[in-house]
Amino acid sequence: MNTIIGYSISMVLLAVVSLAVIPSMVAASGAAAWGMIAAGQSIGGVGAVIVAYGWGLSGPASVARADANMRLTAYAESVVCKLLIIFPVGLLVFSVAWGVGRDYAIFAGVGALSTATVGLTANWLFVGLMQPYRLLVFETVPRILGTGIGIFFMAHGSSALVGVLWQLIGMVTAFVVSTIWILRPWRLRRLRSLPRRRVGVVLSSQRLGLTSTVLSSIYTSTPIVIVSLIAPGAQPVYAVVEKVQRQVIVGLGPFVTILQGWVPKARQQELVRRVRTGLLAAVVFAVALAGLMLAVAPELVGWLGGGQIKPSFITLILMAFITGVSLIEAVVSKACLAALRRLDVVTRATAIGTLVGLPCVAIGAVLWGAEGALCGIFAGLSLRLLLELIGMRRAIAQRSVSALDVTMDPEIGVNGS
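Residues numbered from 1 in each chain as written. Predicted model: local features only at pLDDT ≥ 70, side-chain atom pairs only at ≥ 80, totals over all residues. Heavy atoms only, no water.

## Let's talk about the overall build of the protein chain
Looking only at helices and strands, the protein chain has 17 helices and 0 strands in total. Against the globule reference of 22 Å for 417 residues, the protein chain gives a C-alpha radius of gyration of 22 Å, in line with a compact fold. Within the protein chain, buried positions represent 54% of all 417 residues. Across the protein chain, contacts joining residues at least 24 apart in sequence account for 82% of those joining residues at least 6 apart. Within the protein chain, the 14 negative side-chain charges are centred at a point lying 8 Å from the centre of the 31 positive side-chain charges. (Helix = DSSP H or I, 4+ residues; strand = E, 2+ residues; numbered from the N terminus. Rg over C-alpha atoms; globule rule 2.2 N^0.38 Å. Buried < 20%, exposed > 50% of the residue type's maximum accessible area, 1.4 Å probe, protein only. Contact = heavy atoms within 4.5 Å. Lys, Arg positive; Asp, Glu negative; His and termini not counted. Charge placed at Lys NZ, Arg CZ, Asp CG, Glu CD.)

Structure representation (structure tokens):
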């Protein structure tokens with residue numbers, strides 16, 4: 001129970017602050033400027049996934065099974081890789097967002113850069129160790145302080161650009177504080193004595209996690225760019241709906257996080273049962289979530305848009321459905337398939353869903369604006385979830401067959417005796 005409370009505090013605080021900054025940005029620089037910040041943040045989201053390099057997907061399960069020395073080595077390896085990646089990736093996302101931003105290029109560029117730094121996070125290690133309160137202190141608090149200071153300055157006459165810069169400062173601070181705590185520079189002798197892999201080997205070992213998370217981020221982040229270029233009139237509506245949907249998922253992170261730590265820790269004979277339990281819980285929770293969002297979304301979106309952005313009811317329905325399916329998919333990929341060690345299924349399903357979904361987003365945006373774009377997202381996401389469920393079912397069946405073969409092996413004896 002304490003673990004659930006700890007993760008819930010962290011995720012809810014982040015979600016609330018991330019939503020609270022939106023009306024401050026709209027009031028400070030207008031809906032168009034904020035829309036381009038949101039577009040830049042979506043582009044930066046892809047960069048964040050590249051910087052994270054798959055540790056968010058594979059890290060918790062591996063840390064849950066590792067000893068203290070292996071955990072320390074794993075985090076040190078991740079820091080080295082991320083520091084090598086962050087600078088070229090930051091420059092790239094800034095440049096791309098600058099090109100998309102047009103009249104608000106600097107807003108989009110800084111928004112992309114600030115979000116790219118999220119990939120530096122150490123939360124995967126705290127999740128794997130099931131240490132929610134350290135996650136709260138070292139990751140959540142610095143980010144909240146950065147965003148809160150930005151809101152303060154915007155409320156006193158600064159532009160939305162200042163708010164984004166303070167978000168960037170908060171994220172970098174969280175990374176520095178977490179790294180100091182985990183690696184303990186005053187204990188570097190111990191770290192130096194531990195064997196570490198070469199950077200190339202580490203990067204190669206993370207390729208499946210990287211590929212699936214990058215494709216997932218592209219699918220999440222590209223639609224707002226497509227809408228901005230193809231249907232700019234619908235961009236503010238789409239941006240605020242997308243932001244609400246994404247922050248709700250962030251706020252519900254404890255649900256996925258708990259399962260990421262709970263499912264992989266099962267004994268081999270209990271793993272399948274935990275996988276099925278996690279999936280059932282995700283479906284029940286997702287249905288309740290979609291209904292709740294439909295009830296509160298009109299007032300929430302109206303507040304976030306400062307009365308300037310008014311999506312249709314169909315748009316809100318699609319937002320609720322996408323949020324529910326996203327939650328189920330997150331549990332299936334990050335908890336169930338990761339525990340079954342079938343990240344190849346996640347990668348393949350994500351690739352197919354992206355290839356199908358993004359063209360649907362473009363066509364839908366041209367024909368029906370924000371509603372059409374959301375329909376395209378829902379189609380691709382649903383296909384991805386379906387493929388993952390099929391892959392999970394096959395993985396469970398293979399485990400059952402393997403267990404039966406071992407049990408009935410005449411060299412071993414019935415029931416392994």
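## Regarding the nonpolar core
Among the nonpolar cores identified, the biggest contains 114 residues, and Met-25, Trp-34, Tyr-75, Tyr-238, Val-275 and Met-392 are the most heavily contacted of them. Once residues within four sequence positions are removed from consideration, Tyr-238 is found in contact with Pro-223, Ile-224, Val-227, Ala-370, Ala-373, Leu-374 and Ile-377. (Core = buried A, V, L, I, M, F, W, Y, C linked by side-chain atoms within 4.5 Å.)

## A closer look at unusual backbone geometry
Positive phi, normally seen in glycine, also occurs at Arg-102, with a value near 50°. Topologically, Arg-102 is positioned in the loop between α4 (68-101) and α5 (105-116).

## A short note on the pattern of salt bridges
What the rule picks out here adds up to 3 salt bridges. A salt bridge links Arg-384 to Glu-329; the shortest N-O distance between them is 2.9 Å. Within this pair, whereas Arg-384 is found in helix α17 (residues 370-408), its partner Glu-329 is found in helix α15 (residues 313-339), the two being separated by 55 residues in sequence. Here Arg-384 and Glu-329 have matching classes, each one buried. Here Arg-384 makes a salt bridge to Glu-388, at a shortest N to O gap of 3.6 Å. In this pair, Arg-384 and Glu-388 are both assigned in helix α17, 4 residues apart and thus about one turn of the helix distant. Since its relative accessible area comes to 7%, Arg-384 is described here as buried. The network of salt bridges with shared partners includes Glu-329, Arg-384 and Glu-388. (Salt bridge = Lys/Arg side-chain N within 4 Å of Asp/Glu carboxyl O.)

## Comments concerning the state of the cysteines
Under the counting rule described, the total for this entry stands at 0 disulfides. Cysteine Cys-375 shares no disulfide, and the gap to the nearest cysteine sulfur, in Cys-360, comes to 9.8 Å. Taking relative accessible area as the criterion, Cys-375 reaches 38% and is therefore assigned partly exposed. (Disulfide = S-S within 2.5 Å.)

## Quick notes on the environment of Arg-273
Assignment of secondary structure puts Arg-273 in helix α14 (residues 268-304). Between the alpha carbons of Arg-273 and Ile-377 there is a distance of 31 Å; along the sequence they are 104 residues apart.

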